[in-house]
Amino acid sequence: MNDNIALRAENIYKVFGRRSAEVVKKLQAGQSREELSNLGTAAVIDASFDVRRGEIFVVMGLSGSGKSTLIRMLNGLLPASSGHVRIGDTDLAEVSDKDLRLLRQQNVSMVFQHFALMPHRTVLDNAAFALEVQGVERADRENRAAKVLDKVGLGGWGEKYPSQLSGGMKQRVGLARALAAETDILLMDEAFSALDPLIRREMQEQLLSLQQELGKTIIFITHDLNEAMLLGDRIAMMHDGRIVQIGTPDEILTKPASHYVEQFVQDVDRSRVLTAEAVMDSSAADLESASASDTATVKGDTLLSDIFSLSAANERPLAVVDSEDHVIGALGHETLLAALGGSNPGHPLNAIEAEQRDLQASEPAGTGHRADVGREGDQPVDSDGADAPGAAISKPEGGTR
Ligand SMILES: Nc1ncnc2c1ncn2[C@@H]1O[C@H](COP(=O)(O)OP(=O)(O)O)[C@@H](O)[C@H]1O
Ligand SMILES: [Mg+2]
């Protein structure tokens, strides 16, 4: 496996139920999970992806779409029904239980939604737990745990007990425990989903700044699209057990692979995800007029939210430039507005896709009913409800922006 890849999933399936092998075969032969539901629950179907070293790879989907099952296969807590998970040169299906435990101690740690702290241990002892399991002697592990507690903003709290902490602080301890283990890979399953919106936002910012410093490989699961867009270098969108698209936040927004993804993302604050480069026009004529010497410029990686005032102050399109100040495109008022409104007709790919969608739209619609879903909060969505993408933007936490 290429050195830049920290973890690889190859066509992995997880079917719950005694007849899992049979269900996998039938899925591979083209039957749907609904047809097979009396034989077993197909929680993850044919998932393949690479997670690159040092990236935050977000897995995003509604409740019940298979995210937790997927992440548990990535550290061997659940064996895959079919397919391979590779971490470095290790195929998880081929190692003993003992080696799997070692791998979880040394290579892959996990942060849980509900913290999973031990109530009778101090914060310091909780943070040091993974090191204790690794057999690190006391003085050393306490020293290391204290340093990590400092990093997550809990310096001085080591002697307290979990019951004395707020939710946000508890999750900082959960994060400290995972970081103290010094594994390269960090799995986070809805790690911030139980927190209040402001605290949650703080934790997201902190994770991003810690990541700048630590450069871990992080697989982060969430059902909150804004969180996915904020944290993810790339996002895998899950729907009914399948990964339906993998892409950067930009790509997911501007080139949704399906109607489902498109509906899913339509409530996102696009101005905080899209960059000038993602939406600019770049025809020869656009480039030429943008190259005039008196044109106001903006860097390609600038978020649209930071461009409004400049755009408003300039009648002519802005010139979009790369890091070496070469003009790579033009951004006029109309293009900017169209991007915010969710369409970017100037983008050739979008034009083609819009055409395809128009064709598809003449077929009977499968989904719909956005208006009255998504207010139930973080309830598991059963297979009937899971089809309503509007629920994706359920805002039990009041949203994160
Ligand atoms: N241990 C299990 N036994 C049977 N079914 C399960 C088990 N764990 C999860 N499932 C089912 O698998 C599907 C995916 O669940 P899960 O991975 O928890 O989704 P998510 O984390 O996206 O909410 C759901 O239909 C769930 O009911
Ligand atoms: Mg889950």
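Going along each chain's sequence as written, the residues are numbered from 1 onward. In the order they appear in the text, chains get letters beginning with A and ligands get numbers beginning with 1. Side-chain atom pairs in this predicted model are given and counted only at pLDDT of 80 or more, local residue features only at pLDDT of at least 70, and totals for whole chains, interfaces and linings cover all residues.

K.L.:
How should helix 7 (residues 167-180) be read in this particular structure?
P.N.:
Think of an α-helix as turning once every 3.6 residues; residues three or four places apart then point the same way. In this model helix 7 runs 20 Å from its N-terminal to its C-terminal C-alpha over 14 residues, within 8% of the 20 Å that 1.5 Å per residue would give. Counting other C-beta atoms within 10 Å of each residue's C-beta, where C-beta atoms are placed from the backbone, gives the exposure class: buried for 20 or more, exposed for 12 or fewer, partly exposed between. Per the convention used, a helix needs a DSSP run of H or I reaching at least four residues, while a strand needs a run of E reaching at least two, with both numbered from the N terminus. Turning to helix 7, its buried residues are Lys 170, Gln 171, Arg 172, Val 173, Gly 174, Leu 175, Ala 176, Arg 177, Ala 178, Leu 179 and Ala 180. For helix 7, the elements touching its buried residues are strand 6 (108-111), helix 4 (123-127), helix 5 (129-133), helix 6 (138-151), strand 7 (185-189) and helix 8 (197-214). Where helix 7 terminates, the next one or two residues include Glu 182, which has phi positive at roughly 55 degrees. Helix span, expected: 1.5 Å multiplied by one less than the number of residues in the helix. By the convention adopted here, residues are in contact when the distance between their C-beta atoms, placed from the backbone, does not exceed 7 Å.

K.L.:
What am I meant to see in the confidence of the model for the chain here?
P.N.:
A low pLDDT score tells you not to read the predicted coordinates there in detail. The predictor attaches a confidence to each residue, called pLDDT, with possible values from 0 through 100. For the chain, per-residue confidence averages 85 on the pLDDT scale, and 85% of positions sit at 70 or higher. Element-level pLDDT for the chain is lowest in helix 16 (residues 348-361), with a mean of 50, against a maximum mean of 98 in strand 2 (residues 41-52). Segment residues 344-353: pLDDT under 50, and 15 contacts once partners within four positions in sequence are set aside and those in other chains are kept. Low pLDDT (under 50) marks residues 363-401, which in the prediction has 59 contacts with non-local residues, meaning those over four places away or in another chain.

K.L.:
I would appreciate a short explanation of the pairing of strand 4 (residues 82-87) in the present structure.
P.N.:
Looking along a regular strand, one sees the side chains alternate between the two faces of the sheet. By this definition, two strands are paired if DSSP reports at least two bridges between them. Pairing of strand 1 (residues 5-16) with strand 4, which is carried by five bridges, proceeds in the antiparallel orientation. Opposite Ala 9, over in strand 4, you have Val 85 as the bridge partner. Across two bridges, strand 4 lies against strand 5 (residues 90-91) in antiparallel orientation. Each residue of the ladder has a partner; that of Arg 86, found in strand 5, is Asp 91. Adjacent in sequence and paired antiparallel, strand 4 and strand 5 are bridged by two residues, among which Gly 88 carries a positive phi angle near 60 degrees.

K.L.:
Would you explain the site of ligand 1 in this entry?
P.N.:
Each residue gets a C-beta atom placed from its backbone. Should that atom fall within 6 Å of a molecule or strand, the residue is termed near it. Contacts to ligand 1 come from Phe 16, Thr 41, Ala 43, Gly 61, Ser 63, Gly 64, Ser 65, Gly 66, Lys 67, Ser 68 and Thr 69. Going through the elements one at a time, strand 2 and helix 2 (67-74) are the ones with two or more residues in the shell around ligand 1. Each residue is assigned to one class: nonpolar for Ala, Val, Leu, Ile, Met, Phe, Trp, Tyr, Cys and Pro, charged for Asp, Glu, Lys and Arg, and polar for all the others, Gly among them. Of the residues contributing to the shell around ligand 1, the split by class is two nonpolar, eight polar and one charged.

K.L.:
Where do I start with the environment of Ala 338 in this structure?
P.N.:
Looking at the element boundaries, Ala 338 is found in helix 15 (residues 333-340). Classification of Ala 338 as partly exposed rests on a count of 17 C-beta atoms within 10 Å. Once the C-alpha coordinates of Ala 338 and Val 279 are considered, the two residues, 59 residues apart in sequence, prove to be 9.0 Å apart.

K.L.:
Honestly, the pairing of strand 13 (residues 327-331) in this entry has me stumped. Any pointers?
P.N.:
Counting buried positions along strand 13 gives four out of five residues, so the element sits mostly inside the fold. Between strand 12 (residues 318-321) and strand 13, which follow one another and run antiparallel, lie five residues, and Asp 325 among them has a positive phi close to 65 degrees.

K.L.:
So what exactly am I meant to see when it comes to the sheet that holds strand 1 here?
P.N.:
By way of backbone hydrogen bonds, the strands of a sheet pair with one another, either parallel or antiparallel. The sheet built from four strands is open, its strands ordered 2-1-4-5 with antiparallel pairing. Two strands lie at the open edges of the sheet, namely strand 2 and strand 5, each paired on one side alone. Of the pairings in the sheet, the one linking strand 1 to strand 2 comprises eight bridges and is antiparallel in character. Within the sheet, the bridge partner assigned to Ile 5 lies in strand 2 and is Arg 52.

K.L.:
Would you mind going over the sheet that holds strand 11 (residues 297-299) with me for this structure?
P.N.:
Judged by pairing direction, the sheet is mixed, and its three strands sit side by side in the order 11-12-13 without closing on themselves. The open sheet has two free edges, formed respectively by strand 11 and strand 13, since each of these has just one partner strand. The sheet shows a mean angle of 35 degrees between the axes of neighbouring strands, taken without regard to direction. Pairing of strand 12 with strand 13 involves four bridges; the strand directions are antiparallel. Its bridge partner being in strand 13, Ala 319 is matched across the sheet by Ala 330. Fitting a line to C-alpha atoms yields each axis, with helices limited to the stretch in contact; the angle taken between N-to-C directions then spans 0 to 180 degrees.

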